[in-house]
Amino acid sequence: MSDKRELLKTEGLRFAYSSATVLDEINLTLLPGDLVALLGPNGSGKTTLLKLLCGILTPRAGRVMWDGSDMANLRRREVAQRIAFVPQELTVPFAFTVSEIISLGRTPYARMLLGETKQDRAAVERATDLTGTRDLVDRYFGDLSGGERQRAVIAMALAQVAPGSGQPAHEHPAVLLLDEPTVHLDINHQIEVLELIHSLNRSYGLSVLATMHDLNLASMYFDRIILLNAGSIVAQGTPVQVLSRERIESVYGTDVVVEGHPTCRNTPQVILLPTNGNGREKAISS
Amino acid sequence: MRKPFITLSALGILLAATVLLATSLGTVSIPMGHIASIVVKHITGVNIGGPWSDTQETIVWQLRLPRVAGAGIVGAALAAAGVLFQGLLRNPIADPYLLGTSGGAALAATIALLLPVTSGAFGFTLVPIAAFVGALGAVLLVYQIARVGSRAPITTLLLAGFAASSLMAAAMSFLMLTNQNTLQRVVLWTMGGISASGWDTLKVIGPLILAGLLCALTMTTDLNAFLLGEDQAAALGISVEGRKFMLLATGALLTGAAVAISGLVGFVGLIVPHIVRLLIGPDNRLLLPASALSGAIFLILADLIARMVLSPSEVPLGVVTAFVGAPFFIYLLRRTKREYTF
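Below you will find a few notes about this structure.

Residue and element names in this part refer to chain B. On the secondary structure map, Ser24 appears in helix H1 (residues 4-24). Accessibility expressed as a relative area gives 8% for Ser24, which makes it buried. Discounting residues that sit within four places of it in the chain, Ser24 has contacts with Ser29, Ile30, Met32, Ile35 and Arg64.

This is the structure we're talking about:
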């Protein structure tokens, strides 16, 4: 993609719940087609940062810029038409079907007292196809497994930021923010969901920023990593640049070894070292 | 959303049939053809059909129709308010009375019953006015208590509603104990009953409820988003706090207007939205208008039963709604294909 306009950019972002500062001096930029993982220990402010980026939370200081303009000056629904948020877990009271859930993604396009447009339906259809949720549409959202649920919510997010029918993606740049998309999932579903996110990024130019707790999956699937610690960015760059042994040990306070992935290039893998004697013995004896 | 037009048309026809039936039945039964002609005569001045006696005309136009219409708009208002509160609070056991409306209305009505004043304003006695102001005031109070800065979190709202309701119930109990002679009237009022005395009261309450329903209809998409939680609603482009206040205010207006002419009719606002949801699904864009129509049908029928069963004396409306509504709801819960999972 030739144009490298800055879709999402934060300038000196600061946030605090009541008195405790959660994020401070956050400066980051998301370009069209970016695929970025946000890493950091629990409580480092990952989720809070995502919520600031899509306007769920309002910064205490600094600002979030969307495509060159201060998000505080944009209408909420304009922002929602470009930035979708996939929460860690979505719960819905009452028995909504999957197709009803995906259609809720069109909320920012709703016209008062009027029904869905042709474009709304097209966006929902396309999101359904892209996420492979066609078989799920008539099932109740509450009955889905974790992996199916995650795909349905990603479909809702896609419907939310979908460009109008036939409009190429680079004329309607959009950002997907995902909060721990693989948490609570089995390894097969972790791979499935990350492959889906990866292909949406590669085939349709969707910019992605996802918080991750699994360093190795982040290294395998994401082009760039931003590492947070105690509310500040401590490193950002490619997985090779960010995931060094020294840095992980200092941020997470855990002994690790970092090695190359046996089959993927430029994909460091973090191997944990046990800290107590028993663990080590077991490792040696087996 | 499946076939909204067909669903709403069917309910509209059913409502018209219910109105005819309820106006026709009573201690004196009146042919339905006469009812239609009398209505046409009073609205357009054109005389078709007949002949009917003056007594029949008085019964239909002065007695039964205002009462049926009163039951209808109260039912519609309470059912719509139930949809609003259940959606906003994401709580299946929420009803229009949850956030202090019933306590506020009851306390204010009790005070009004104790006052030596009998006259009111706008053609109303003091009790309905007090009930309306009490219900609306209670919700605003609860909202103020729950507000932290610019936010009013749902959990805090629920807790504040509970606290305010308890306080007002205690105040009401105290007033009732110290004024035993009005005890029975207060108790009867809290059990509910349509007391629309002719068209005058309806001319005030009707437009209020209609405005509330229209306002609610414009917010059904927002209500859907609220079902996903406040964060997700914000991510979908809703201005959460502003919309929340509008939804609360609309629900309170509908509830206050309803209890002003019906007292505390229970069960309609809780059960009608659930019954409709089991039949057509939880999408608020269809659920809200369908619930309003169904609430009207339900309460007209309940009021018909209330005045027929022990005729010429009446059963309190709230007793009928519970007796009819609860078993039907249990039946639906057990047989529905649309599984009730949360």
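Structure's up, so let's keep going.
Let's shift gears to the interface of chain B and chain A. Taken together, the contacts link 30 residues of chain B with 30 residues of chain A. Summed over both partners, the interface of chain B with chain A comes to about 2700 Å²; 62% of that surface belongs to carbon and sulfur atoms. Broken down residue by residue, the surface that chain B buries against chain A is led by Leu228, Gln232 and Leu236 of chain B, which jointly contribute 21%. Summed over the shared surface of chain B and chain A, the number is two salt bridges. Across the salt bridge formed by Glu116 of chain A and Arg285 of chain B, the nearest N and O atoms sit 3.4 Å from each other. Our enumeration of links across chain B and chain A arrives at six residue pairs in polar contact (both at pLDDT 80 or more). Looking at the side of chain B that touches chain A, the elements with two or more residues in it are helix H9 (220-226), helix H10 (230-235) and helix H12 (268-280) of chain B. No other element matches H10 of chain B, which puts four residues into the side of chain B that touches chain A.

The next point concerns a nonpolar patch on the surface. On the surface, a nonpolar cluster with roughly 480 Å² of combined accessible area is contributed by Ile305, Val309, Leu310, Phe323 and Val324 of chain B. Tracing the sequence through the fold places Phe323 of chain B in helix H14 (residues 317-335).

Residue and element names in this part refer to chain B. Two numbers describe how helix H3 (residues 54-88) lies on helix H11 (residues 240-262): the axes approach to 9 Å, and their chain directions differ by 150°. Viewed along their axes, H3 and H11 adopt a mutual orientation that is roughly antiparallel. Seen from above, H3 lies across H11 with left-handed handedness. Note on element contacts: H11 touches H3 through Lys244, Leu247, Leu248, Thr250, Gly251, Ala252, Leu254, Thr255, Ala258, Ile261 and Ser262, opposite Gly70, Ile73, Val74, Ala77, Leu78, Ala80, Ala81, Leu84, Phe85 and Leu88. For the contact of H3 with H11, the residue count by class is 15 nonpolar, five polar and one charged.

Another point: the pairing of strand S9 (residues 207-211) of chain A. On a regular strand, each side chain points to the face opposite its neighbour's, so the side chains alternate between the two faces of the sheet. Residue and element names in this part refer to chain A. For S9, the tally of buried residues reaches five of five residues, placing the bulk of the element in the interior. Sheet topology places strand S4 (residues 35-39) next to S9; four bridges connect them, and they run parallel. Looking across to S9, one finds that Ala37 is bridged to Ala210. With five bridges connecting them, strand S8 (residues 175-179) and S9 associate as parallel partners. Directly across from Val175, in S9, lies its bridge partner Ser207.

A separate point is the pairing of strand S5 (residues 61-66) of chain A. All names here are of chain A. As paired strands, strand S1 (residues 8-17) and S5 are joined by five bridges and run antiparallel to one another. When the sheet's bridge partners are listed, Glu11 is paired in S5 with Arg63. In the sheet, S5 pairs with strand S6 (residues 69-70) via two bridges, with the strands oriented antiparallel. Looking across to S6, one finds that Met65 is bridged to Asp70. What sits between S5 and S6 in their antiparallel hairpin is a turn of two residues, with Asp67 showing a positive phi close to 50°.

For the rest of this paragraph, the subject is helix H6 (residues 187-204) of chain A. Residue and element names in this part refer to chain A. Under the 1.5 Å per step criterion, the end-to-end length of H6 is 25 Å for 18 residues, consistent within 8% with the ideal 26 Å. Listing the buried residues of H6 in full gives Gln190, Val193, Leu194, Leu196, Ile197, Leu200 and Asn201. Looking straight down H6, one finds its buried side chains confined to an arc of 145°; they lie on one side. In H6, the exposed positions that point more than 90 degrees away from the buried face belong to Ile187 and Ser203. On its buried side, H6 packs onto S4, helix H4 (118-130), helix H5 (146-161), S8, S9 and helix H7 (215-221).

We now examine the sheet that holds strand S11 (residues 232-237) of chain A. Residue and element names in this part refer to chain A. If you trace the six strands from one edge of the open sheet to the other, you get S7-S8-S9-S4-S10-S11, paired in mixed fashion. Looking at which strands have only one partner, the edges of the open sheet turn out to be strand S7 (83-86) and S11. Between one strand axis and the next, the sheet turns by 15° as a mean value, whatever way the strands run. In the packing of H6 onto the sheet, contacts are made with S4, S8 and S9, and the angle to S4 comes to roughly 140°. Those strands touched by helix H9 (residues 245-252) are S4, strand S10 (224-229) and S11, and its axis lies near 35° from that of S10.

Under the defined criterion, the tally for this structure stands at 23 salt bridges over all chains. For Lys51 of chain A, the salt bridge identified is with Asp231 of chain B, shortest N-O distance 2.7 Å. Placement of Lys51 of chain A in helix H1 (residues 46-53) and of Asp231 of chain B in helix H10 is noted, with the two residues assigned to different chains. Note that Arg139 of chain A is salt-bridged to Glu148 of chain A, the shortest N-O span being 3.4 Å.

Residue and element names in this part refer to chain B. Position of Gln180 among the secondary structure elements: in the loop between helix H6 (154-178) and helix H7 (183-191). Separated by 125 residues in sequence, Gln180 and Thr55 have C-alpha atoms that sit 40 Å apart. In this structure the side chain of Gln180 is engaged in a polar contact, spanning 3.4 Å, whose partner is the backbone oxygen of Leu177.

Moving on to unusual backbone geometry. In this model, Phe94 of chain A sits at a positive phi of 75°, which is unusual for a non-glycine residue. On the secondary structure map, Phe94 of chain A appears in the loop between S7 and helix H3 (98-104). A positive phi is found at Phe267 of chain B, a non-glycine position, where the angle reads about 80°. Its place among the elements puts Phe267 of chain B in the loop between H11 and H12.

Definitions and limits used
- Residues numbered from 1 in each chain as written.
- Chains lettered and ligands numbered in written order.
- Predicted model: local features only at pLDDT ≥ 70, side-chain atom pairs only at ≥ 80, totals over all residues.
- Heavy atoms only, no water.
- Helix = DSSP H or I, 4+ residues; strand = E, 2+ residues; numbered from the N terminus.
- Buried < 20%, exposed > 50% of the residue type's maximum accessible area, 1.4 Å probe, protein only.
- Contact = heavy atoms within 4.5 Å.
- Buried area = accessible area lost by both parts, 1.4 Å probe.
- Salt bridge = Lys/Arg side-chain N within 4 Å of Asp/Glu carboxyl O.
- Polar contact = N/O pair within 3.5 Å; in protein donor to acceptor, adjacent residues only side chain to side chain.
- Patch = residues over 30% accessible without salt bridge, like charges linked within 9 Å, V, L, I, M, F, W, Y side chains within 5 Å.
- Areas by Shrake-Rupley, 256 points an atom, 1.4 Å probe, with all protein chains shown as cover.
- Axes fitted to C-alpha atoms, helices over the stretch in contact; angles between N-to-C directions.
- Parallel < 35°, antiparallel > 145°, perpendicular 65-115°, else oblique.
- Left-handed = near helix turned anticlockwise from the far one by under 90°.
- Nonpolar A, V, L, I, M, F, W, Y, C, P; charged D, E, K, R; others polar.
- Pairing = 2+ DSSP bridges.
- Expected span 1.5 Å × (residues − 1).
- Arc of directions from axis to C-beta.

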